[in-house]
Amino acid sequence: MQHDIPRPSRRRLLTGAAAAAAALVPLGTGLAQAAPHRSRAAAYPDVHWTPAAAANYTAANRPAQYAIDMVIIHVTQETYADTVKIFQNPKSQVSAHYCVRSADGYIGQFVREDDVAWHAGNWSYNTRSIGIEHEGWVDEPRWFTDAMYEQSAQLTAAVCARYGIPRDRKHIIGHVEVPGTDHTDPGPYWDWARYMALVRAAA
């Protein structure tokens, strides 16, 4: 597949962010094992536990240890399958709490919300946020499907409800908005107006 715009590897982008700071469970199964602290009452969509390597995040006791007041939206610059491999490679030194697959909105959870995922390239922002990756490339809007937007918005709304995070653009931000970052995701084709409307509707 050829691309008009050269794309840096997410492997490089993700490991750079970290320096600054399994097999998939079949759809519809394993929810209790995947996230024992979830509940249907909290309005979380189905998530599927696919643990990151323990070397790629910081074990913590959030929100007691660090308050959670932000959701950070990312785009992988890799396929979903390659993102799983990166998060499970202990040499990668990078992770996110969740990743949403493009085709069907399948959500993998890689790090417990209690723990600090290494996704923002800024330690302070890592400690206070939930990181949600989205399969695709910033220069290819075709990856941003209805299923992806809808499932991600439901997830973000549930996270906001759980931690009392305001559902606004001061608290739901893109990686590009993290101080000190050299990342551009989720990029110019991410439809923030649509996404925020879906988040508010889900809530």
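Report follows, based on the coordinates. Quick caveat: nothing in here was measured; it's all calculated off a predicted structure. (Residues numbered from 1 in each chain as written. Predicted model: local features only at pLDDT ≥ 70, side-chain atom pairs only at ≥ 80, totals over all residues. Heavy atoms only, no water.)

**So, the packing of helix 5 (residues 146-163) against helix 6 (residues 192-202)**
Here comes step 1: Running from amino to carboxyl end, helix 5 crosses helix 6 at an angle of 50°, the nearest separation of the two axes being 8 Å. Here helix 6 runs oblique to helix 5, going by the angle between their axes. Handedness of the crossing formed by helix 5 with helix 6: right-handed. Two secondary-structure elements touch here, helix 5 through Asp146, Tyr149, Glu150, Ser152, Ala153, Gln154, Thr156 and Ala157 and helix 6 through Arg194, Tyr195, Leu198, Val199 and Ala202.
Here comes step 2: Within the contact of helix 5 with helix 6, the residues separate by chemical class into 7 nonpolar, 3 polar and 3 charged. (Axes fitted to C-alpha atoms, helices over the stretch in contact; angles between N-to-C directions. Helix = DSSP H or I, 4+ residues; strand = E, 2+ residues; numbered from the N terminus. Parallel < 35°, antiparallel > 145°, perpendicular 65-115°, else oblique. Left-handed = near helix turned anticlockwise from the far one by under 90°. Contact = heavy atoms within 4.5 Å. Nonpolar A, V, L, I, M, F, W, Y, C, P; charged D, E, K, R; others polar.)

**Description of the pattern of salt bridges**
Here comes step 1: Tallying each qualifying case throughout the model produces 8 salt bridges.
Here comes step 2: In this structure, Asp104 and Arg101 form a salt bridge, with 2.7 Å as the shortest nitrogen-oxygen distance.
Here comes step 3: Across the salt bridge formed by Arg112 and Asp114, the nearest N and O atoms sit 3.1 Å from each other.
Here comes step 4: Judged by relative accessible area, Arg112 falls into the partly exposed class, the value being 31%.
Here comes step 5: Under the relative-accessibility criterion, Asp114 is labelled buried at 16%. (Salt bridge = Lys/Arg side-chain N within 4 Å of Asp/Glu carboxyl O. Buried < 20%, exposed > 50% of the residue type's maximum accessible area, 1.4 Å probe, protein only.)

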